[in-house]
Amino acid sequence: TNLKTNSQIAFRTSNAKSSDGLRVGAIVYDECHQYESWKLIDVMKTGLGKVDCPREFYITTDGLVRDSVLDELKNKAQMILTGQLEDGETLPFICKIDSEEEVGNKDNWFKANPSLYYRPSLLKQIEKEYQDYKKTMEVKVKSITPSVKKDEALEMYEIINIVENKGEDYGN
């Protein structure tokens, strides 16, 4: 609790049924890529009308849940950034690499996660995960190759080679 303003930061449940009746000034929705519906967000928003200057923050990585909350947020952000939608209250801040080919170059990772400049331990973890990912991809492609057409197998190998070759170039 802030002694001067008597404000508080509190964790709330992720259960939409138990979040009614809140009177909040700001809401942080974290890991939005996992939200399969708007139920929790809709319930939490009802409390925003009870205070002046309410704020909402959506924080997430891209994730794997498609055709849900994150995709709708991304579409809205794209429309705002391209001028198709006027929205004086939303500031889309999207960090990403520009193409799959950029994945293998470590220097491009900072585009997707600018905090890597200040978090060397996170960068080290991502480097490790990337090396593990490359190994896993090689195994998957080699195991799939016998059951796919020659052209499809060559395309999969090309993708891995792009990732591998770019990966060898970074850091020099």
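See the structure above.
Note that this is a predicted model, so its numbers are computed, not measured.

A few points about the overall build of the chain
At step 1: Helices and strands together make up the secondary structure of the chain, namely five helices and two strands.
At step 2: When the elements of the chain are put in sequence order from the N terminus, they spell out β-α-β-α-α-α-α.
At step 3: The burial tally for the chain puts 25% of its 172 residues in the buried class.
At step 4: Considering only residue pairs separated by 6 or more positions, the chain has 49% of its internal contacts joining residues 24 or more positions apart.
At step 5: If you sum the accessible surface of the chain, you get close to 13000 Å²; carbon and sulfur atoms cover 52% of it.

A closer look at the packing of aromatic side chains
Each aromatic ring pair is specified by the distance between its two centres and by the angle formed by the two planes.
At step 1: In the structure shown here, the tally under the stated rule is five aromatic pairs.
At step 2: Aromatic side chains Phe 110 and Tyr 117 sit 4.4 Å apart centroid to centroid with 35° between the ring planes, which places their arrangement in the tilted category.
At step 3: The class for Tyr 117 is exposed, based on a relative accessible area of 56%.
At step 4: Members of the aromatic cluster, joined through ring pairs, are Trp 109, Tyr 130 and Tyr 133.

Observations regarding the layout of surface pockets
At step 1: Computed from the structure, the largest pocket encloses a volume of approximately 2300 Å³.
At step 2: Lining the largest pocket are 48 residues, with Thr 60, Thr 61, Asp 62, Ile 94 and Cys 95 positioned closest to its centre.
At step 3: Elements represented by at least two residues in the lining of the largest pocket include exactly strand 2 (55-59), helix 2 (69-81), helix 3 (109-112), helix 4 (120-144) and helix 5 (150-169).
At step 4: For the lining of the largest pocket, the leading source of residues is helix 2, giving eight residues.
At step 5: Considered class by class, the residues forming the lining of the largest pocket number 28 nonpolar, seven polar and 13 charged.

A closer look at the pattern of salt bridges
At step 1: Scanning the entire structure with this criterion turns up nine salt bridges.
At step 2: Taking the shortest distance from any N to any O, the salt bridge between Asp 87 and Lys 76 comes out at 3.2 Å. With Asp 87 in the loop between helix 2 and helix 3 and Lys 76 in helix 2, the pair connects residues that are eleven residues apart, well separated along the chain.
At step 3: Accessibility expressed as a relative area gives 22% for Asp 87, which makes it partly exposed.
At step 4: Taking the relative accessible area as the measure of exposure, Lys 76 reaches 34% and is therefore partly exposed.
At step 5: Residue Lys 128 pairs with Asp 132 through a salt bridge whose shortest N-O separation is 3.1 Å. In this pair, Lys 128 and Asp 132 both sit in helix 4, four residues apart, roughly one turn of the helix.
At step 6: Put simply, Asp 62, Arg 66, Asp 71 and Lys 74 are held in one network by salt bridges that share partners.

About the thresholds
- Residues numbered from 1 in each chain as written.
- Predicted model: local features only at pLDDT ≥ 70, side-chain atom pairs only at ≥ 80, totals over all residues.
- Heavy atoms only, no water.
- Helix = DSSP H or I, 4+ residues; strand = E, 2+ residues; numbered from the N terminus.
- Buried < 20%, exposed > 50% of the residue type's maximum accessible area, 1.4 Å probe, protein only.
- Contact = heavy atoms within 4.5 Å.
- Areas by Shrake-Rupley, 256 points an atom, 1.4 Å probe, with all protein chains shown as cover.
- Phe/Tyr/Trp six-rings, centres within 6.5 Å; stacked < 30°, edge-to-face > 60°.
- 1 Å grid on protein atoms, 1.4 Å probe; cavity = no way out; pocket = protein on both sides within 12 Å on 5 of 7 lines; lining within 4 Å.
- Points joined across faces, edges and corners; volume = space filled by probe spheres on them.
- Nonpolar A, V, L, I, M, F, W, Y, C, P; charged D, E, K, R; others polar.
- Salt bridge = Lys/Arg side-chain N within 4 Å of Asp/Glu carboxyl O.

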